[in-house]
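The residues making up each chain are set out below.
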Amino acid sequence: MAKPYIINDIEQLKVISVPIRIKILWEIFETPRTGKMIGDLLDTPPSKIHYHLKELERVGLIYVESTEEKNGIVQKFYKTIAPGFQLGDVLPQQEGVVLSDSLKENIVTSLDKTKSIVKRGEEELSAETFNYFTTLKLTQEKYDEVRNKFREIAKFLMDQKDADTSGKKGNEYHFNFIGLPAGNKNEGEEEHE
């Protein structure tokens, strides 16, 4: 069963703290691609993409899945080592590692992927489609409880992705869950549970 890779290494954490590397990872989670292909998708020069691919490969987050010779040039097709990444316990004890921009890029890129699926219009949205959006004021304890429930759902979904579905009928579904602070709480204001 393929599980998300848990990042517990500080060097890997530093490497993914560069926002463009998050975009690169998103482009090769499911489909192996060359640096040129990724550059075209991200509207970024291939030389810049190759530099970031080397860094991601150096820390073991991606690998060369295959090579192909084209016009005398060996093309490398890169893929992530896992179907997703999660931050381990390394984050709280590290000073000076700024992930804010990288985490923002991850959220924006995931929303862009969701947006492209919705706009693609291959299928009409139906009663099977669900969307839940809300902003709540919660204590840290309640927020942690909600986050843990979403992690349970994410684990369940990963288990479904890993299940053998060959020969079984089914439809493809897209899921995107995000939880983040939405604003500052007012001084002296009580939090609701």
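Residues numbered from 1 in each chain as written. Predicted model: local features only at pLDDT ≥ 70, side-chain atom pairs only at ≥ 80, totals over all residues. Heavy atoms only, no water.

S.K.: Tell me about helix α2 (residues 19-28), and please be specific about residues and values.
M.R.: Of all the 10 residues making up α2, seven are buried; the element is thus mostly covered by neighbouring parts of the structure. Listing the buried residues of α2 in full gives I20, R21, I22, I24, L25, E27 and I28. (Buried < 20%, exposed > 50% of the residue type's maximum accessible area, 1.4 Å probe, protein only. Helix = DSSP H or I, 4+ residues; strand = E, 2+ residues; numbered from the N terminus.)

S.K.: So what's going on with unusual backbone geometry? Residues and values would help.
M.R.: In this structure, D43 is a non-glycine residue whose phi angle is positive, near 50 degrees. The topology assignment puts D43 in the loop between α3 (35-42) and α4 (46-58).

S.K.: An account of the pairing of strand β2 (residues 62-70) is requested, with residue identities and associated values reported.
M.R.: Pairing of β2 with strand β3 (residues 73-80) involves eight bridges; the strand directions are antiparallel. Looking across to β3, one finds that E69 is bridged to V74. Adjacent in sequence and paired antiparallel, β2 and β3 are bridged by two residues, among which N71 carries a positive phi angle near 55 degrees. (Pairing = 2+ DSSP bridges.)

S.K.: Any details on α4? Residues and values, ideally.
M.R.: The terminal C-alpha atoms of α4 lie 18 Å apart, and with 13 residues this matches the ideal 18 Å at 1.5 Å per residue to within 8%. Of the surrounding secondary structure, the elements contacted by the buried residues of α4 are α1 (10-15), α2, α3, β2 and β3. Directly after α4, the chain includes G60, whose backbone phi takes a positive value near 80 degrees. (Expected span 1.5 Å × (residues − 1). Contact = heavy atoms within 4.5 Å.)

S.K.: Can you lay out the nonpolar core for me, pointing to particular residues and giving the numbers?
M.R.: By size, the foremost hydrophobic cluster in this structure holds 18 residues, and its most contacted members are I16, I24, L53, L56 and I62. Secondary-structure elements contributing two or more residues to this core are α1, α2 and α4. Of the residues forming this core, the biggest block, five residues, is contributed by α2. Those residues in contact with I62 that lie beyond four places of it in its chain are L25, I28, L53, L56, E57, Y78, K79, T80 and I81. (Core = buried A, V, L, I, M, F, W, Y, C linked by side-chain atoms within 4.5 Å.)

S.K.: Tell me about the packing of aromatic side chains, and name the residues and values.
M.R.: Under the defined criterion, the tally for this structure stands at one aromatic pair. Ring plane angle 85 degrees and centroid distance 5.8 Å describe the contact between W26 and F29, whose orientation is recorded as edge-to-face. When its relative accessible area of 25% is taken as the criterion, W26 is described as partly exposed. On the basis of relative accessible area, F29 is assigned to the buried category, the value being 15%. (Phe/Tyr/Trp six-rings, centres within 6.5 Å; stacked < 30°, edge-to-face > 60°.)

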